[in-house]
Amino acid sequence: MGLAPFNRLGLFLGALITLAPWAAANRWLPAAITPELLLGVAVAAFSVRILGEREPHNRVETLAWTMFGLVYVPFMLQFLVRIILLNAPHPRTGLVLAIWLIAVSKGCDMGALLVGKAFGRHQMAPNISPKKTWEGAVGGVIFSALLGAGIVHGLPGNSYPAHFPTAFTVWMAALIALPVAGLTIVSDLVESVIKRRAGAKDSGASIPGIGGMFDLSDSLILAAPVGYVLFSLL
């Protein structure tokens, strides 16, 4: 977009923000080094840098878009790391819940694509993503609910259900999958807004048939914090 964000330092701080909960839990970082603190450090660092490294006409844009990149992607995805760290009632509960969340989020993408192609008639956001339809969105949400419930019900082996919290029943899984799927659709639309603003079809070309890493992970960005809150309540 020509907004000149601080890419290298932004990527470094983004990695720290995402991994900070895991590093603190494993005592690689002091517990005081939280994602929120790292965001504050980023604001200070970038505020200093824009004074000497950017021209007056784009200083505000550089600061705003660099911080947007940190908040919208790594800060939101660090909640997925927090989910993995959940360890009750089983040490692997967090890992199983994270896999469940990823499956439900990506399942909404697949369900919306298949149902939209087969039955899509009414455009949902023609000015943002013309190919998305309301029929596809409803199909994606329903598919996610069925998939979420099916994973809890049908995982092989008697040990796997014990990994889930006691309250995470089949019906609860289907219920939680609904807002997760809805936010997956919103996440995808937000990414489309950003790509349309940049005049780009995909966020990159690192993954054949999909695009860039942003295209692959966009559905988790809004689902991760909501999933973390709901799982924590369980």
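Right above here is the structure, for reference.
Our subject in this report is the structure included herewith. (Residues numbered from 1 in each chain as written. Predicted model: local features only at pLDDT ≥ 70, side-chain atom pairs only at ≥ 80, totals over all residues. Heavy atoms only, no water.)

### A few points about the overall build of the protein
Here is step 1 of the chain: Along the protein, the regular secondary structure elements total 7 helices and 2 strands.
Here is step 2 of the chain: Listed N to C, the secondary structure of the protein is α-α-α-α-β-β-α-α-α in terms of helices and strands.
Here is step 3 of the chain: For the protein, whose C-alpha radius of gyration is 19 Å, the value lies close to the compact-globule estimate of 17 Å for 234 residues.
Here is step 4 of the chain: Based on the C-alpha atoms only, the size of the protein along its principal axes is roughly 60 × 50 × 30 Å.
Here is step 5 of the chain: Considering the protein as a whole, with its 234 residues, one finds that 41% of them fall into the buried category.
Here is step 6 of the chain: A separation of at least 24 residues holds for 68% of the contacts in the protein among residues at least 6 apart in sequence.
Here is step 7 of the chain: Here the protein displays about 12,700 Å² of accessible surface, and carbon together with sulfur accounts for 70% of that area. (Helix = DSSP H or I, 4+ residues; strand = E, 2+ residues; numbered from the N terminus. Rg over C-alpha atoms; globule rule 2.2 N^0.38 Å. Buried < 20%, exposed > 50% of the residue type's maximum accessible area, 1.4 Å probe, protein only. Contact = heavy atoms within 4.5 Å. Areas by Shrake-Rupley, 256 points an atom, 1.4 Å probe, with all protein chains shown as cover.)

### Regarding the packing of helix α1 (residues 7–25) against helix α2 (residues 35–53)
Here is step 1 of the chain: Interhelical geometry of α1 versus α2 gives an angle of 170° and a closest axis separation of 9 Å. Judged on the interaxial angle alone, α2 and α1 are roughly antiparallel. Counted together, Leu9, Gly10, Leu13, Leu16, Ile17, Ala20 and Pro21 of α1 and Pro35, Leu38, Leu39, Ala42, Ala45, Phe46 and Arg49 of α2 form the full contact between these two elements.
Here is step 2 of the chain: Looking at the contact of α1 with α2, its residues break down into 12 nonpolar, 1 polar and 1 charged. (Axes fitted to C-alpha atoms, helices over the stretch in contact; angles between N-to-C directions. Parallel < 35°, antiparallel > 145°, perpendicular 65-115°, else oblique. Nonpolar A, V, L, I, M, F, W, Y, C, P; charged D, E, K, R; others polar.)

### Overview of the nonpolar core
Here is step 1 of the chain: Ranked by size, the top nonpolar core spans 43 residues in total, and within it Leu70, Trp100, Leu101, Phe168 and Phe231 carry the most contacts.
Here is step 2 of the chain: Only α1, α2, α3 (59–84), α4 (93–119), α5 (134–154), α6 (170–198) and α7 (213–233) provide two or more residues apiece to this core.
Here is step 3 of the chain: Broken down by element, the residue count for this core peaks at 9 residues, all from α3.
Here is step 4 of the chain: Discounting chain neighbours no more than four positions away, the residues touching Trp100 are Gly148, Ile151, Val152, Phe168, Ala173, Ile176, Ala177 and Phe231.
Here is step 5 of the chain: Counting residues in hydrophobic clusters, the runner-up holds 8 residues, among them Ala125, Ala137, Val141 and Leu189. (Core = buried A, V, L, I, M, F, W, Y, C linked by side-chain atoms within 4.5 Å.)

### A few points about a nonpolar patch on the surface
Here is step 1 of the chain: Together, Leu19, Trp22, Trp28 and Leu85 make up a nonpolar patch on the protein surface, roughly 430 Å² of accessible area in all.
Here is step 2 of the chain: Assignment of secondary structure puts Leu19 in helix α1.
Here is step 3 of the chain: Judged by its relative accessible area of 45%, Leu19 falls in the partly exposed class. (Patch = residues over 30% accessible without salt bridge, like charges linked within 9 Å, V, L, I, M, F, W, Y side chains within 5 Å. Salt bridge = Lys/Arg side-chain N within 4 Å of Asp/Glu carboxyl O.)

### Digging into α2
Here is step 1 of the chain: For α2, built from 19 residues, the straight-helix expectation of 27 Å at 1.5 Å per residue is met to within 8% by its first-to-last C-alpha distance of 26 Å.
Here is step 2 of the chain: The inward-facing, buried residues of α2 abut α1 and α3. (Expected span 1.5 Å × (residues − 1).)

### Describing the pattern of salt bridges
Here is step 1 of the chain: In the structure shown here, the tally under the stated rule is 4 salt bridges.
Here is step 2 of the chain: A salt bridge links Lys106 to Asp109; the nearest nitrogen and oxygen atoms lie 3.2 Å apart. Of this pair, Lys106 and Asp109 are both found in helix α4, 3 residues apart, which corresponds to roughly one turn of the helix.
Here is step 3 of the chain: Of the charged contacts, one joins Lys195 and Glu191 as a salt bridge, the two residues approaching to 3.9 Å between their closest N and O atoms. Of this pair, Lys195 and Glu191 both sit in helix α6, separated by 4 residues, roughly a single helical turn.
Here is step 4 of the chain: On the accessibility criterion, Glu191 (1% relative accessible area) is buried.

Read these as spatial facts, not as claims about activity.
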